[in-house]
Amino acid sequence: MHSVREGIHLSGYESALGADTGELKRIFPGGVAKLWGSTPTSQTRNAKAVALRDRKVGDEVLFYAEKKFIARARILGLFRNRDLAAAVWGIDAEEQNTWEHIMALGDVVEFDVPAGPLLDALAITPPLRGLTLVSAALRSQHLGLLNRLLNGQSPAGGRLSSGAVPTATGKSLGRGDLLRTLGTLDVGVPDERQRRHEVLALLWAIGRLLSGRDRMASWGAFRSQLVPILHEFGALDDGLSAEYPFRNLCGSGLWEVVGAERGESDLAPTAASAEPEAARAGLRVEAATLLRQPLTRAEAIGLLCNTYLGDVDQYELLERVGLVGYAHAGGVEQEGERRSGRGRSTGRGGRRQATVLRPDRDQRLVERVKLLHLHQCQVCGLRLETRFSHYSEAAHIRGLGRPHDGPDEMANLLCLCPNHHVQFDTLAIFIDQQWNVRRSKDGASISSLRRHPEHAIGQEYVEYHRGLCGGSRFGMVSS
Ligand SMILES: [Zn+2]
């Protein structure tokens with residue numbers, strides 16, 4: 001499996017590539033090729049001969065060993081190259097054969113699932129030898145089983161994750177299910193880079209919902225809008241295709257693909273399908289409905305960003321997918337919404353000028369919350385002295401600006417020192433259900449929020465802000 005798992009460096013085989021040099025370098029621009037080969041057969045009608053003849057670029061390959069399926073991959077190219085096969089895998093001493101029918105492979109995912117149920121369903125009797133091509137009709141008939149087997153299992157072949165949502169369409173999906181699924185996307189996705197692509201695709205899809213566009217996107221829209229984002233924030237290179245999240249997010253139970261081939265609702269398209277351009281993919285109705293609710297959306301975005309994207313410039317990314325407001329508790333103006341005199345510039349290292357909305361707020365409420373707390377910060381207790389008085393700031397918990405649209409009322413206000421106001425607005429700290437103030441980065445407790453008996457704070461606003469901070473990943477989600 002080395003040539004599939006790690007791949008081979010094309011530069012080490014220059015003399016053997018021959019006429020396939022150009023095509024292999026096109027498929028694997030980084031120079032590392034994932035290859036698998038088969039020996040030729042003198043037969044014309046057996047399973048192997050049929051498979052060698054009829055397989056196509058875009059087909060999916062399942063690897064089988066010792067009664068288990070151990071990996072899946074997609075065919076990116078087909079070659080017949082004896083020199084290359086001999087150089088990579090050697091020559092069979094007995095039969096003087098080489099594995100010259102070569103497949104170039106992408107989207108390689110390894111796992112370890114019992115093959116029995118699927119082989120039974122397909123009426124294939126083990127042991128399997130060589131190659132077996134499954135007809136499109138059989139494949140589509142058993143795709144549900146295949147997906148359940150392959151996506152419901154952890155990479156190590158463990159039990160079904162308790163957080164996994166059944167992939168059956170029509171199954172009801174609650175907010176807790178949705179968030180648990182988003183928090184455990186790694187199930188069945190052993191390659192971190194592929195998981196990253198799934199996360200980027202989900203954020204892009206949520207951005208589409210927020211802007212009022214259709215939840216389903218064509219492959220064309222996907223390619224023109226998401227692929228540049230995958231390039232910039234993901235890792236589109238050898239063996240990873242942009243089609244991966246488009247097709248494989250179905251395994252999450254939150255996603256569907258339609259119109260790919262033969263009108264099957266749950267079938268992922270392949271490059272070889274008759275009309276790949278007709279395929280559409282997007283969030284399932286149940287997931288989209290949940291993500292249209294402001295609180296759930298804030299929680300989902302916060303969870304995805306904080307669980308999987310710690311090393312990414314999240315502001316930049318959220319801006320690219322139309323969710324920049326979620327990078328700040330107060331909301332951030334989108335391009336073209338700027339109104340003079342209403343915003344203030346935020347310092348982001350001078351990289352980009354962003355404007356945080358400060359919609360008109362009731363100054364009486366601001367003064368009242370500050371006086372009630374005698375200018376003492378509710379996070380740290382600091383009472384900042386000035387020459388003649390004290391200084392504090394009133395912070396809205398659920399921001400007044402878009403997209404948060406919080407209310408301007410006492411229950412949605414905190415009295416904070418400037419430092420903690422900045423941390424609260426930039427989502428660095430949040431308040432848990434027991435009124436502890438915690439760091440978003442790691443959930444570490446900083447303090448217990450200081451409360452005043454005459455200042456009731458709205459739990460729903462705290463919950464919204466906590467969602468933005470990804471606080472639900474510390475097991476504090478209420479469902
Ligand atoms: Zn403070």
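Here, every reference points to the structure presented above.
Residues numbered from 1 in each chain as written. Predicted model: local features only at pLDDT ≥ 70, side-chain atom pairs only at ≥ 80, totals over all residues. Heavy atoms only, no water.

Student: Pulling in residues and values, what's your account of the packing of aromatic side chains?
Tutor: Enumeration over the complete set of coordinates arrives at five aromatic pairs. Where Trp36 meets Phe63, the ring centres are 5.3 Å apart and the plane angle is 85°; that geometry is what we call edge-to-face. On the criterion of sequence distance, the pair formed by Trp36 in strand 3 (residues 35-38) and Phe63 in strand 4 (residues 60-65) is long-range, its members being 27 residues apart. Of the residues examined, Trp36 reaches a relative accessible area of 28% and is grouped as partly exposed. What makes Phe63 buried here is its relative accessible area of 6%. (Phe/Tyr/Trp six-rings, centres within 6.5 Å; stacked < 30°, edge-to-face > 60°. Helix = DSSP H or I, 4+ residues; strand = E, 2+ residues; numbered from the N terminus. Buried < 20%, exposed > 50% of the residue type's maximum accessible area, 1.4 Å probe, protein only.)

Student: Could you give an account of the sheet that holds strand 16 (residues 429-431), naming the residues involved and the relevant values?
Tutor: Strands sit in the order 16-17-18 across an open sheet of three strands; the sheet is antiparallel. Each edge of the open sheet carries a strand with a single partner, namely strand 16 and strand 18 (445-448). Looking at each pair of strands side by side, their axes are set apart by 25° on average, direction ignored. When strand 16 meets strand 17 (residues 436-439), the two strands line up antiparallel, connected through three bridges. Along strand 17, the bridge assignment pairs Ile429 with Arg439. (Pairing = 2+ DSSP bridges. Axes fitted to C-alpha atoms, helices over the stretch in contact; angles between N-to-C directions.)

Student: Go over the packing of helix 9 (residues 175-183) against helix 14 (residues 294-308) with me, naming the residues and quoting the values.
Tutor: Relative orientation of the contacting elements helix 9 and helix 14 amounts to 15°, with a least axis distance of 9 Å. Of the possible angle classes, the one that applies to helix 9 and helix 14 is roughly parallel. Where helix 9 crosses over helix 14, the handedness of that crossing is right-handed. Across from Arg175, Leu178, Leu179, Leu182 and Gly183 in helix 9, the residues of helix 14 making contact are Leu295, Thr296, Glu299, Ala300, Leu303, Leu304, Thr307 and Tyr308. Of the residues contributing to the contact of helix 9 with helix 14, the split by class is eight nonpolar, three polar and two charged. (Parallel < 35°, antiparallel > 145°, perpendicular 65-115°, else oblique. Left-handed = near helix turned anticlockwise from the far one by under 90°. Contact = heavy atoms within 4.5 Å. Nonpolar A, V, L, I, M, F, W, Y, C, P; charged D, E, K, R; others polar.)

Student: Describe the packing of helix 10 (residues 192-210) against helix 11 (residues 219-233), listing the residues and the values that go with them.
Tutor: At a minimum axis separation of 10 Å, helix 10 and helix 11 run at an interaxial angle of 130°. Put simply, helix 10 runs oblique to helix 11. Seen along the crossing, helix 10 lies across helix 11 with a hand that is right-handed. Together, Arg196, His197, Leu200, Ala201, Trp204 and Arg208 of helix 10 and Ala221, Phe222, Gln225, Leu226, Ile229, Leu230 and Phe233 of helix 11 make up the contact between the two elements. Counted by class, the contact of helix 10 with helix 11 contains nine nonpolar, two polar and two charged residues.

Student: Outline the coordination of the zinc ion, supporting the account with residue identities and numerical values.
Tutor: At this site the zinc ion is bound by Cys377 (SG), Cys380 (SG), Cys417 (SG) and His420 (ND1), with donor distances of 2.0 to 2.4 Å. Classification of the site at the zinc ion rests on its four donor atoms, whose angles at the metal span 102 to 118°, yielding the label tetrahedral. Written as a sequence motif, the donor residues of the zinc ion are C-x2-C-x36-C-x2-H. On the criterion of sequence distance, the pair formed by Cys377 in the loop between helix 16 (363-372) and strand 12 (384-385) and His420 in helix 17 (residues 418-425) is long-range, its members being 43 residues apart. Here Cys377 and His420 have matching classes, each one buried. (Donors = N, O, S within 2.8 Å, 3.2 Å for Na, K, Ca; no water. Tetrahedral: all angles 85-135°; square planar, octahedral: opposite > 155°, others 65-115°.)

Student: An account of the side chain of His404 is requested, with residue identities and associated values reported.
Tutor: Its location among the elements puts His404 in the loop between strand 14 (393-396) and strand 15 (413-416). The contact partners of His404, leaving out residues within four places of it in the chain, are Gly325, Tyr326, His328, Ala329, Gly330, Gly331, Arg398, Gly399, Tyr464 and Leu468.

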